[in-house]
Structure formats: C-alpha cells, structure tokens
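Descriptive analysis of the structure
Residue strings, one per chain:
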Amino acid sequence: DAGVTQSPTHLIKTRGQHVTLRCSPISGHKSVSWYQQVLGQGPQFIFQYYEKEERGRGNFPDRFSARQFPNYSSELNVNALLLGDSALYLCASSSQGYNQPQHFGDGTRLSIL
Amino acid sequence: SQQGEEDPQALSIQEGENATMNCSYKTSINNLQWYRQNSGRGLVHLILIRSNEREKHSGRLRVTLDTSKKSSSLLITASRAADTASYFCATEGGTYKYIFGTGTRLKVLA
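Below or above, wherever it landed, is the structure these notes cover. Remember, it's a predicted structure, so these values are computed and weren't measured experimentally. (Residues numbered from 1 in each chain as written. Chains lettered and ligands numbered in written order. Predicted model: local features only at pLDDT ≥ 70, side-chain atom pairs only at ≥ 80, totals over all residues. Heavy atoms only, no water.)

Moving on: the overall build of chain A. Within chain A, the secondary structure is distributed over 0 helices and 11 strands. When its helices and strands are written in sequence order, chain A yields β-β-β-β-β-β-β-β-β-β-β. Taking 2.2 N^0.38 as the reference for a compact globule, 113 residues should give roughly 13 Å; the C-alpha atoms of chain A span a radius of gyration of 13 Å, in line with that estimate. Along the first, second and third principal axes, the C-alpha atoms of chain A reach 40 × 25 × 25 Å. Going through the 113 residues of chain A one by one, you find that 50% of them count as buried. (Helix = DSSP H or I, 4+ residues; strand = E, 2+ residues; numbered from the N terminus. Rg over C-alpha atoms; globule rule 2.2 N^0.38 Å. Buried < 20%, exposed > 50% of the residue type's maximum accessible area, 1.4 Å probe, protein only.)

In this section: the environment of Ala2(A). Residue and element names in this part refer to chain A. Residue placement: Ala2 occurs in the segment before strand E1 (5-7). Of the residues examined, Ala2 reaches a relative accessible area of 58% and is grouped as exposed. For the pair Ala2 and Ile26, spaced 24 residues apart in the sequence, the C-alpha separation amounts to 6.4 Å.

Considering all chains together, one arrives at 8 aromatic pairs over all chains under this definition. An angle of 85° between the planes, with centres 5.6 Å apart, marks the rings of Phe104(A) and Tyr35(B) as edge-to-face. A residue pair is termed interchain when its members come from two chains, as with Phe104(A) in strand E10 (residues 103-104) and Tyr35(B) in strand E4 (residues 31-37). We note that Phe104(A), like Tyr35(B), is buried. Chaining the aromatic ring pairs together yields one cluster made of Tyr35(A), Phe45(A), Phe104(A), Tyr35(B) and Phe100(B). (Phe/Tyr/Trp six-rings, centres within 6.5 Å; stacked < 30°, edge-to-face > 60°.)

Time to look at the interface of chain B and chain A. Contacts between the two partners involve 24 residues from chain B and, on the opposite side, 22 residues from chain A. Counting each side, the surface lost to burial between chain B and chain A is near 2,000 Å², with a carbon and sulfur contribution of 49%. It is Leu43(B), Tyr96(B) and Tyr98(B) in chain B that bury the most area against chain A; as a group they hold 30% of the surface buried on that side. Our count for the contact surface shared by chain B and chain A stands at 1 salt bridge. The partner of Asp106(A) in a salt bridge is Arg41(B), and the shortest N-O contact between them spans 2.8 Å. Contributing elements (two or more residues each) for the side of chain B that touches chain A: E4, strand E5 (43-50), strand E9 (85-92) and strand E10 (98-100) of chain B. (Contact = heavy atoms within 4.5 Å. Buried area = accessible area lost by both parts, 1.4 Å probe. Salt bridge = Lys/Arg side-chain N within 4 Å of Asp/Glu carboxyl O.)

Shown next as structure tokens:
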C-alpha cells in the first residue's frame with residue numbers, strides 16, 4: 001500500500017505570495033494532520049481534519065488554512081508568506097479513534113526568499 | 001509551543017552500545033509516542049504507549065512511562081549505525097493533536 005504522499009517536494013516562493021501544499025493519506029485513513037517543522041526543532045501542530053471537518057487547530061495565524069476533500073486528501077494554504085514561514089511542512093494520516101499512530105509523508109520543503 | 005522536552009539534546013555512542021533518551025511533558029495525556037526522523041525526511045512511528053501502561057517493548061526498543069513524573073524514556077539496545085537519526089516524543093491529550101518535543105539527535109559511530 002502507498003504511504004502518505006505530499007506534493008510538491010520542494011517549493012521556492014517570495015514574501016507576500018501564497019502557497020498550496022497537498023497531501024494524500026494512506027488508503028482508509030480519514031484523519032489528516034499538518035505540521036510545520038523549522039530546522040532543528042520538533043514538528044509544530046497546525047491543523048487536524050477528520051471527515052472533512054476541522055477537529056483541531058494549533059497556534060498559527062489566520063494566514064494558514066486547510067481543507068479536506070471527500071476522498072480524504074487535504075490541502076494546506078498559506079497566504080501573505082513571511083520569511084519565517086520557511087520550513088518543512090509535514091502531513092500525517094491516521095485511522096480513526098484514539099491511541100492510533102500517525103503516519104507521515106516526507107514533507108514539502110518551503111523556502112521563502 | 002513545544003509540550004515535550006527531550007534529554008539529552010544530542011547523544012553520540014559507539015555501535016553496539018545502548019542509547020537512552022528521555023522525554024518530559026507538561027499536561028495529562030492519553031498516550032505518548034516515539035518517532036524517528038532521518039535527516040530531511042518524514043517521521044517514522046516507533047512505538048505507542050498508553051497512559052495506563054508502564055512499559056512496552058518492540059524489537060530493540062524499550063519504552064517506559066511514568067505519568068506521576070510526566071516522563072518517558074526510550075532505550076535502544078545494541079545500537080547500529082542505521083539508528084543515527086533524531087528521535088522525538090509526542091503526546092496526545094484528548095484534543096486531537098499531537099504535541100512534539102524538541103528531539104534528541106543520536107549519532108551511532110561505526
């Protein structure tokens with residue numbers, strides 16, 4: 001079975017632009033979470049979606065938004081990009097219920113110039 | 001903000017030695033998970049321990065959990081060069097989000 005896939009793998013943008021990152025979960029997984037990982041730090045939780053509804057939100061500004069589609073794939077959108085948004089953006093999927101491991105994709109490396 | 005703190009931040013050992021890393025967290029949890037991350041890649045799930053469990057094993061991995069001290073440890077026995085990676089603990093406290101620690105960078109020297 002395919003794992004979590006993210007696209008694109010790398011992206012270069014300039015300040016003020018917007019970006020859309022995409023994630024396809026493992027088949028059968030209905031929950032998708034997004035994380036931002038700045039170099040040298042642990043992942044920071046941005047959003048979790050389950051059955052197309054937002055179920056959790058981290059401490060990120062409104063410039064960050066996401067959505068989940070009927071096939072459970074997801075998009076993360078970031079508007080008005082800042083230099084500080086440069087990071088590895090990770091998507092993780094999990095099956096429903098508590099106490100389930102998360103399965104991560106390899107991320108999208110976003111660089112802001 | 002990060003909930004968990006791993007200790008040590010960096011660890012360098014010889015192949016065949018054991019590696020122990022610790023994680024402390026701040027609030028009550030449903031479960032705690034350990035992940036491995038190779039440079040520039042996604043995280044790989046290693047082991048999950050529920051809040052009512054005290055110890056769990058998986059191959060060369062042993063995880064302990066002390067909820068009274070809000071701490072966990074990960075022991076890797078008979079380490080190999082391929083174990084070189086960053087290791088993170090993550091806690092889930094019933095709010096549908098995982099809070100990751102700052103990570104331990106492990107280097108295993110051949």
